[in-house]
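Here's the letter readout for the chains.
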Amino acid sequence: MLKKVITLLLTAVLFLTLLAPAAYAAEETTEETEETEQTRPDREAEEKEYEGTLGDLRWQVEGTTLTISGDGTMEEGCPWHVHKDTIETVILRGAITNVAADAFSDWDRLKTVDFGTALKELDARCFMGCDELETIYLPDTFRKFGEECFRDCEDLTTVYCAGGMPSFKSNCLWNSNQITIYYPVSNPWPESAMTELSANFGGRIAMIPSSGEDMLNYLQELEQPQTEPETAPTEAPTEPETEPATEPATVPTEAPTEPPVTIPEGLVEATAPPETEPAQETQPEPEKDLTSKSWIGLALIGGVLTLALAGILIVRSATRKGGRYED
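Residues numbered from 1 in each chain as written. Predicted model: local features only at pLDDT ≥ 70, side-chain atom pairs only at ≥ 80, totals over all residues. Heavy atoms only, no water.

(A) Expanded view of the environment of Gly52. Relative to the helices and strands, Gly52 resides in strand 1 (residues 51-54). The class for Gly52 is buried, based on a relative accessible area of 15%. Counting along the chain gives 28 residues from Gly52 to Trp80, while the straight-line C-alpha distance between them is 8.8 Å. With residues up to four places along the chain from it excluded, the contact list for Gly52 reads Leu57, Arg58 and Trp59. (Helix = DSSP H or I, 4+ residues; strand = E, 2+ residues; numbered from the N terminus. Buried < 20%, exposed > 50% of the residue type's maximum accessible area, 1.4 Å probe, protein only. Contact = heavy atoms within 4.5 Å.)

What follows is the structure in structure tokens.
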């Protein structure tokens, strides 16, 4: 009877010994699968769309340029966010009257925006955190800076407004730089409203009247593609030639003829400094999983028990046969 019990125990120990490596291998396979799922790139990002529609508007990506065309308002939920890491230029074509909230927030590579000729307002946070933006031009139809629409655009220093004084919502132009706003001489902004605006932004905004020449130059730079000048081969001159000096031609600039607009009440909102974001806490490293070591220890214990039970069986067998081994 004792021999049968020992045999059953020996069988169980052997089974556990064989089961431990299999369980350990299964555990490693599970961990590798989890790591693969965590590091696998998003399939939607891999299968990017380069054109589509948003309401009545159509958009298309060519190289580093995003062109949005159509008439009317831009809806929220912009589908072109998958290209935020490559787009450097955004162009609005047609009669688009607004830029939707969060449409281009945190686009780190965006450098230039052509707002077209029909823009009326910029919705909340539409260009917040676009660090590469330096200069923007707003057409004479523009009337409203939405909340935080250009907040934290660290390189933004120049704003051209071709029309009457728009409405400035809270923190719309808040960054760490001094921002200069040019407005047309033919349509002067109210002195009291400009004083209040400068005070609300802590003196970081300066408003300067402009004849329109610098605005025109900026628009021409947007329309002309930047091309590298061709280098012509140089030849040794045989005789020095003297060219008569010519004076550069002066291009007359026409001042805008738009009549002054009436400034609505509540034009400038009080702007509080942005709150300092708390520093991110350092998360402790996760504890190492000791499951694999437990399986190794279990396998070693099973082996020891197997050898011990085998020895007991051998000794018991020898005892029954008179205490000696027979050939």
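What follows picks up the thread again.
(B) Inspection of the sheet that holds strand 7 (residues 121-122) at higher detail. If you trace the four strands from one edge of the open sheet to the other, you get 5-7-9-11, paired in parallel fashion. Among the strands making up the open sheet, the edge pair consists of strand 5 (98-99) and strand 11 (167-168). Examined bridge by bridge, strand 7 and strand 9 (residues 144-145) share two bridges and lie parallel to one another. Of the residues in strand 9, the one forming a bridge with Leu122 is Phe145. (Pairing = 2+ DSSP bridges.)

(C) Inspection of the environment of Ala103 at higher detail. Summarising the element assignment, Ala103 is placed in the loop between strand 5 and strand 6 (112-114). The spatial distance from the C-alpha of Ala103 to the C-alpha of Cys126 is 5.0 Å, given a sequence separation of 23 residues. Ala103 has contacts with Met74, Cys78, Trp80, His81 and Cys126, leaving out every residue within four places of it along the chain.

Remember, this is a structural readout, not a statement about activity or role.
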